[in-house]
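# Observations on the three-dimensional arrangement
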Amino acid sequence: MILMKDIIREGNPTLREVAQELSFPLSEEDRQLAHDMLEFLKNSQDPQIAEEYNLRGGVGLAAPQLDIEKRMIAVHIPNPDFDEEDAKSGPEITFSEVMVNPKVISHSVQLAGLEGGEGCLSVDRAVEGIVIRHFKITVTYFTVDGEAKKKKFKGYDAMVIQHEIDHLNGVMFYDRIDPKDPFAQKKDIVLL
Ligand SMILES: CC(C)(C)[C@H](NC(=O)Nc1cc(F)cc(F)c1)C(=O)N(CC(=O)NO)CC1CCCC1
Ligand SMILES: [Zn+2]
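On a predicted model such as this, the values are computed, not experimentally measured, just so you know.

Turning our eyes to something else, we now look at the sheet that holds strand β8 (residues 189-191). Taken in spatial order, the 3 strands make up an open sheet running β5-β4-β8, and their pairing is mixed. Single-partner strands in this sheet number two, and they are β5 (133-134) and β8. Sheet topology note: the strand β4 (residues 111-113)/β8 ladder contains 3 bridges and is parallel. From the neighbouring strand, Ala 112 faces β8, where its bridge partner is Val 190.

Structure (structure tokens):
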């Protein structure tokens, strides 16, 4: 199983590399990697397992964070409004998938950012400021079995996916904080 010690931290040059596309069919090794990445996210969101193995609760992970320069990301996004007492609150998990060779093929003009800023499993410090991203994105990607997919994301899910795809291109979240206006007071952005 993937542990925090397997996640490389800022300063490791791999985090600034552009990762390579995978070809299909995936090798057994790449299929195992995909499984392990998604399992890490599920483990990290399980209070018992996270405590036992000292895992930071993660919603997304990109292969370069494991020092593997391949275009593969895993996301396991809880529904912030989920309430087990209220069936109307929707599913517990909004999106859970390993995305191979993901690509943003179009996006909204409208910008957005998480009001509380962002962090990163590879960054052991707080970096303040609004990370400016697209409010809506359309993404093509392949599943582990090589099935081509195209999906639209908006809001929080779109933020997570953009954060992970950035890792495939050597971009860190703080690269997208405007140093002259870190709290984006002068920008027309949707605060999430
Ligand atoms: C860096 C960290 C703070 C751990 C961040 N988690 C997070 O923002 N909230 C969270 C965690 C949960 F477990 C369940 C939940 F619903 C919400 C995260 O996983 N990432 C992923 C990452 O570092 N990928 O490389 C950072 C997020 C910042 C915005 C998008 C992803
Ligand atoms: Zn990250």
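This paragraph deals with the coordination of the zinc ion (ligand 2). Protein-derived coordination of the zinc ion (ligand 2) comes from Cys 120 (SG), His 163 (NE2) and His 167 (NE2), at a distance range of 2.1 to 2.3 Å. Here the donor residues for the zinc ion (ligand 2) map to a single chain with the spacing C-x42-H-x3-H. Taken together, the residues span a long stretch of sequence, with Cys 120 in the loop between β4 and β5 and His 163 in helix α3 (residues 155-168) at a distance of 43 residues.

In the numbering used here, UniProt assigns the feature "binding site: Fe cation" (unreviewed entry) to Cys 120, His 163 and His 167. Across 48 residues in sequence, these annotated residues keep their C-alpha atoms within 10.2 Å of one another, forming a single compact spot. If we skip the residues at most four places from it in the chain, His 163 touches Glu 118, Gly 119, Cys 120, Arg 133 and Phe 173. Among the polar contacts made by the side chain of His 163, one reaches the side chain of Glu 118 at a distance of 2.9 Å. With respect to the helices and strands, His 167 occurs in helix α3.

Thresholds, definitions, all that
Residues numbered from 1 in each chain as written. Chains lettered and ligands numbered in written order. Predicted model: local features only at pLDDT ≥ 70, side-chain atom pairs only at ≥ 80, totals over all residues. Heavy atoms only, no water. Pairing = 2+ DSSP bridges. Helix = DSSP H or I, 4+ residues; strand = E, 2+ residues; numbered from the N terminus. Donors = N, O, S within 2.8 Å, 3.2 Å for Na, K, Ca; no water. UniProt positions renumbered as here; feature names shortened; annotations may be inferred. Contact = heavy atoms within 4.5 Å. Polar contact = N/O pair within 3.5 Å; in protein donor to acceptor, adjacent residues only side chain to side chain.

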